[in-house]
Amino acid sequence: MNTPTDLSAIAYLSSAVRPFSDDELDALLVDARAFNNSVRVTGVLLHHDRSFFQYLEGPADGVAQVYERVKASQRHRGLIQLLSGPVGQRHFTSWHMGFADAPGSALQSLAQAEWLDTRPALEQRASDGPLPPGLRLLTKFWQTWTKGPA
């Protein structure tokens, strides 16, 4: 088990090189979940209008492996790393994908439901005090993309 000092997080923003079909988004979802699980990385991938925002957390070596895959992917461009560093605790116990627009498949609908079930915990944390930087970015992008409360 990791101690809090062993945990790391990365958040980034990127743009898809072209629109994704529902089948391509499903494949991305399945592949990312499988790989991230294998290296004990959790977090959230948000997708909206060819834009991606991802927050990853887990053991530093696992986060680094996932981020190397992300950087090597030919599916997106304009990768901007927003933050990287140690985190005191894990904020997501599994990996989620959120869609600002209506999900196009049953798999995406299930992923969206998991994300929407997780959001109230973020809202509660925000009401308890300031969110850590990565979670602030995550909620800000979600709020911007959905034009509603985070």
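Look up a bit, the structure's there.
Since we're looking at a predicted model, the values are computed, not measured.

## Some remarks on the overall build of the protein
Next, step 1: From N to C terminus, the protein includes four helices and five strands.
Next, step 2: Along the protein, helices (α) and strands (β) appear in the sequence β-α-β-β-α-β-β-α-α when read from the amino end.
Next, step 3: Against the compact-globule benchmark of 15 Å for 150 residues, the protein has a radius of gyration of 14 Å, which places it among compact chains.
Next, step 4: With respect to the principal axes defined by its C-alpha atoms, the protein has extents near 40 × 35 × 25 Å.
Next, step 5: When burial is assessed residue by residue, the protein has 44% of its 150 residues classed as buried.
Next, step 6: Put simply, 75% of the contacts in the protein that link residues at least 6 apart link residues at least 24 apart.
Next, step 7: Carbon and sulfur atoms form 56% of the exposed surface of the protein, whose accessible area is close to 7,700 Å².

## As for the side chain of Thr118
Next, step 1: Within the secondary structure, Thr118 is located in helix α3 (residues 106-128).
Next, step 2: Thr118 gets classed as buried once you look at its relative accessible area, which sits at 16%.
Next, step 3: Within the local environment of Thr118, its side chain forms a polar contact with the backbone oxygen of Glu114, the two atoms lying 2.9 Å apart.
Next, step 4: In this structure Thr118 touches Phe92 and His96, once residues within four positions along its chain are discounted.

## Quick look at the layout of surface pockets
Next, step 1: Its boundaries defined by the atoms lining it, the largest pocket holds a volume of some 310 Å³.
Next, step 2: Taken together, 18 residues line the largest pocket, and the ones lying closest to its centre are Tyr12, Leu28, Val70, Ser73 and Arg75.
Next, step 3: Of all the elements in the fold, those that place two or more residues in the lining of the largest pocket are β1 (7-16), α1 (22-38), β3 (51-59) and α2 (60-72).
Next, step 4: Broken down by class, the residue content of the lining of the largest pocket amounts to ten nonpolar, five polar and three charged.

## Side note on the sheet that holds β3
Next, step 1: Taken together, the five strands give an open sheet; going across it, the order is β4-β1-β3-β2-β5, and neighbouring strands pair in mixed fashion. Each edge of the open sheet is held by one strand with a lone partner, namely β4 (76-86) and β5 (95-99). On average, adjacent strands in this sheet sit at an angle of 10 degrees to one another, irrespective of strand direction.
Next, step 2: Bridge count for β1 against β3 is nine bridges, and the pairing is antiparallel. Along β3, the bridge assignment pairs Ser8 with Gly58.
Next, step 3: Those strands touched by α1 are β2 (42-48), β3 and β5, and its axis lies near 160 degrees from that of β5.
Next, step 4: Across the sheet, α3 lies against β2 and β5, angled at about 105 degrees from β5, the strand it touches most.

Here is what the cut-offs are and how they apply
- Here the residue index of a chain counts from 1 through its sequence in written order.
- Residue-level local features of this predicted model are given only where pLDDT is at least 70; pairs of side-chain atoms are given and counted only at 80 or more, and the full residue set underlies all totals for whole chains, interfaces and linings.
- Just so you know, side-chain values use all the structure's heavy atoms and leave hydrogens and water out.
- In this text, helices come from DSSP runs of H or I with a minimum length of four residues, and strands from runs of E with a minimum of two, each type numbered from the N-terminal end.
- C-alpha atoms define the radius of gyration, and 2.2 Å times the number of residues to the power 0.38 defines the globule rule.
- We call a residue buried when its accessible area falls under 20% of the maximum for its residue type, exposed when it is over 50%, and partly exposed in between, using a 1.4 Å probe and counting protein chains only.
- The contact definition used throughout considers only heavy atoms, calling two residues in contact when any of these lie within 4.5 Å.
- Per-residue and other accessible areas were derived by the Shrake-Rupley procedure at a 1.4 Å probe size, with only the shown protein chains allowed to occlude residues.
- Polar contacts, as counted here, are pairs of nitrogen or oxygen atoms within 3.5 Å of one another; within protein the pair requires one atom able to donate a hydrogen and one able to accept it, and residues that are adjacent in sequence qualify only if both atoms are side-chain atoms.
- Cavities and pockets were defined on a 1 Å grid built from protein atoms only: a cavity is a group of points that admits a 1.4 Å probe but offers it no way out, a pocket is an open group of points flanked by protein on both sides within 12 Å along at least five of seven lines, and a lining residue is one with an atom within 4 Å of any such point.
- Grid points are joined across faces, edges and corners, and a volume is the space filled by probe spheres set on the points.
- Under the convention adopted here, Pro, Cys and the residues Ala, Val, Leu, Ile, Met, Phe, Trp and Tyr are nonpolar, Asp, Glu, Lys and Arg are charged, and Gly plus all remaining residues are polar.
- Any two strands with at least two DSSP bridges between them are considered paired.
- To get an axis, a line is fitted to the C-alpha atoms, and for a helix only the part in contact is used. The angle between two axes follows their N-to-C directions and goes from 0 to 180 degrees.

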